[in-house]
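If you want the building blocks of each chain, they are given just below.
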Amino acid sequence: MKKIALIGSTGSIGRQTLSVVRKNPDKFEIVSLAAGNNVGEFLAQVSEFKPKVATIGATENLKDKLPLETEFFCGEDAYLNAIVSDADVVVVALVGFKGIIAVLDAIEKGKDIALATKESLVVGGELVIQKAREKGVKITPIDSEHSAIWQALGFDFDTPFNKLILTCSGGAFRDMSEEQLKTVTAADALKHPNWNMGAKITVDCATLVNKAFEVIEAKWLYNTSFDKIDVIIHRQSIIHSMVEFVDGAVMAQLSYPTMELPICLALNYPERISVGLKSLDFASLRSLTFEEIDHKRFPCFNLVLQAAKEGGLFPAVANGANEEAVKLFLENRIGYGDIYKSIYGALQSFDGGHHVHIEELTEADAFARKYVRDLNGV
Ligand code: MG
């Protein structure tokens, strides 16, 4: 029985993790969960899974509404209480920068991590990987591309390879012209062609910021360099990523899109569990297609990668600026093009150092967010 601490239980990955647990009660147990602000769903989850510890970001005291045996914490930083001592693995599925706080806390407590919050490796990959090594903590990926690579490597992070090839659906704006991109809205961005995910990541998919983040995530998880990671647009989202080996052989992982497969493997590798996926019907798929990224329409991809290559605190600035800009875009206060301008401007105005500790990362994140709010007059 694997005991799971679930950080970010009411988001898309959190709900799908609970779905996996619900279907496999003989394999998994939720010992703690941490939710954001969705009180109704939090109460339903706690009553169903009866965790020992439950926390919510909202400040409302819900103790009276919870089972007696559940210890309850509330408030902005309450989620750290859900990283409990009897968990075997911590699923980190918070959105955005604060994921790194949970990741570092779990590492400090010596807990293995099933990682959905890629931002934690984007902003502090070096710090996270170094600390995880020191503590002997395993980080397994809950990101379909990185799971595909991990599967192709035989669940061995040290298998040598020539290059990693990340696939990318192209996002909701893949067929929009430059002219159309001037007027697209948050509602348009949220119509992802293949995946049903949370709002922030769906916008990141539309701008291709998500794919740049995934390149950075792959660099840290697979201990490689940027020149050994390629990205190719693959509209069907059937091939989830590939690995090319020294002899030219390429291994790919294929399936219909579902996050339950990467979640199960991150929790239970190398054993595979049915997640109810249909067999691939190749005859009806007919063709799998590949295209290059159009950098003119999707300039954020290279911009974010450039920040990552610069290293130090620059990826944290790019991430903070993106998070703030996406928030404003989702509130219909800025346009699609303003996301690029926000990240670009924040990176240009930043003259911070290369000293990557959590305090400096937090400052760089705050700098970028303030810059973006000022730039866009909010
Ligand atoms: Mg992904």
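First, a word on what this report is: a plain description of the structure on this page. (Residues numbered from 1 in each chain as written. Predicted model: local features only at pLDDT ≥ 70, side-chain atom pairs only at ≥ 80, totals over all residues. Heavy atoms only, no water.)

1. As for the overall build of the protein
For the protein, the count of helices and strands is 15 helices and 11 strands. Against the compact-globule benchmark of 21 Å for 378 residues, the protein has a radius of gyration of 20 Å, which places it among compact chains. Once the C-alpha set of the protein is aligned to its principal axes, its extents read approximately 55 × 50 × 40 Å. Residue burial in the protein is summarised as follows: out of 378 residues, 56% are buried. Counting only contacts in the protein whose residues sit at least 6 apart along the sequence, the fraction spanning at least 24 positions is 66%. A total accessible area of about 16100 Å² is found for the protein, and carbon and sulfur atoms account for 50% of it. (Helix = DSSP H or I, 4+ residues; strand = E, 2+ residues; numbered from the N terminus. Rg over C-alpha atoms; globule rule 2.2 N^0.38 Å. Buried < 20%, exposed > 50% of the residue type's maximum accessible area, 1.4 Å probe, protein only. Contact = heavy atoms within 4.5 Å. Areas by Shrake-Rupley, 256 points an atom, 1.4 Å probe, with all protein chains shown as cover.)

2. A closer look at the pairing of strand β3 (residues 53–56)
Residue alternation in β3 divides its side chains into two sets, Val53 and Thr55 and Ala54 and Ile56, and both sets are buried. Examined bridge by bridge, strand β2 (residues 28–35) and β3 share 4 bridges and lie parallel to one another. Across the sheet, the residue bridging to Ser32 is Val53, located in β3. Once you follow β2 into helix α2 (residues 39–49) and on to β3, the crossover reads as right-handed. Direction of pairing for β3 relative to strand β4 (residues 71–74): parallel, over a ladder of 4 bridges. Each bridged residue has a counterpart across the sheet, and for Ile56 the counterpart in β4 is Cys74. (Pairing = 2+ DSSP bridges. Right-handed = clockwise from strand over helix to strand, strands pointing away.)

3. Focus: the coordination of the magnesium ion
The protein atoms that coordinate the magnesium ion are Asp143 (OD), Glu145 (OE) and Glu214 (OE), at distances spanning 2.0 to 2.1 Å. Look at where the donors of the magnesium ion fall in the sequence and you get D-x1-E-x68-E. For the residue pair Asp143 and Glu145, the accessibility class agrees, reading buried in each case. (Donors = N, O, S within 2.8 Å, 3.2 Å for Na, K, Ca; no water.)

4. Structural notes on the packing of aromatic side chains
Using the criterion set out here, one finds 11 aromatic pairs in the structure. When the ring of Phe173 is compared with that of Tyr336, the centres are 5.4 Å apart and the planes differ by 80°; the resulting orientation is edge-to-face. Here the residue Phe173 occupies a position in the loop between β8 (163–168) and α6 (178–181), and Tyr336 occupies one in helix α14 (residues 336–349), the gap between them amounting to 163 residues. Summarising the burial analysis for this pair, Phe173 and Tyr336 share the class buried. Taken together, the aromatic side chains of Trp150, Phe155, Phe157, Tyr222 and Tyr269 make up a single cluster linked through ring pairs. The cationic tip of Lys219 hangs over the ring face of Trp220; the distance from NZ or CZ to the ring centre is 4.6 Å. Lys219 extends its terminal NZ or CZ atom over the ring of Phe226, reaching a point 5.3 Å from the ring centre. (Phe/Tyr/Trp six-rings, centres within 6.5 Å; stacked < 30°, edge-to-face > 60°. Lys NZ or Arg CZ within 6 Å of the ring centre and 35° of its normal.)

5. Things to note about the sheet that holds strand β9 (residues 229–233)
The strands making up a sheet associate through backbone hydrogen bonding, with each pair oriented either parallel or antiparallel. What the 4 strands build is an open sheet, ordered β9-β8-β10-β11; its pairing is mixed. Among the strands making up the open sheet, the edge pair consists of β9 and β11 (250–254). On average, each strand axis in the sheet is tilted by 20° relative to the strand beside it, whichever way the strands run. Relative to β11, strand β10 (residues 239–244) runs antiparallel, the two sharing 5 bridges. (Axes fitted to C-alpha atoms, helices over the stretch in contact; angles between N-to-C directions.)

6. So, the environment of Asp112
The topology assignment puts Asp112 in strand β6 (residues 112–115). The spacing of Asp112 and Phe155 is 43 residues in sequence and 15 Å in space, taken between C-alpha atoms. Beyond its immediate sequence surroundings of up to four residues, Asp112 is in contact with Asp88, Val89, Val90, Gly136, Val137 and Lys138. A polar side-chain atom of Asp112 sits 2.8 Å from the main-chain amide nitrogen of Lys138. (Polar contact = N/O pair within 3.5 Å; in protein donor to acceptor, adjacent residues only side chain to side chain.)

7. Observations concerning the packing of α14 against helix α15 (residues 358–375)
Contact geometry for α14 and α15: axes closest at 9 Å, N-to-C directions at 125°. If you check the angle between α14 and α15, you find them oblique. Every pair of crossing elements has a handedness; the one defined by α14 and α15 is right-handed. Across the interface between the two elements, Lys341, Ser342, Gly345, Ala346 and Ser349 from α14 touch Phe367, Ala368, Tyr371, Val372 and Leu375 from α15. Split into classes, the residues belonging to the contact of α14 with α15 amount to 6 nonpolar, 3 polar and 1 charged. (Parallel < 35°, antiparallel > 145°, perpendicular 65-115°, else oblique. Left-handed = near helix turned anticlockwise from the far one by under 90°. Nonpolar A, V, L, I, M, F, W, Y, C, P; charged D, E, K, R; others polar.)

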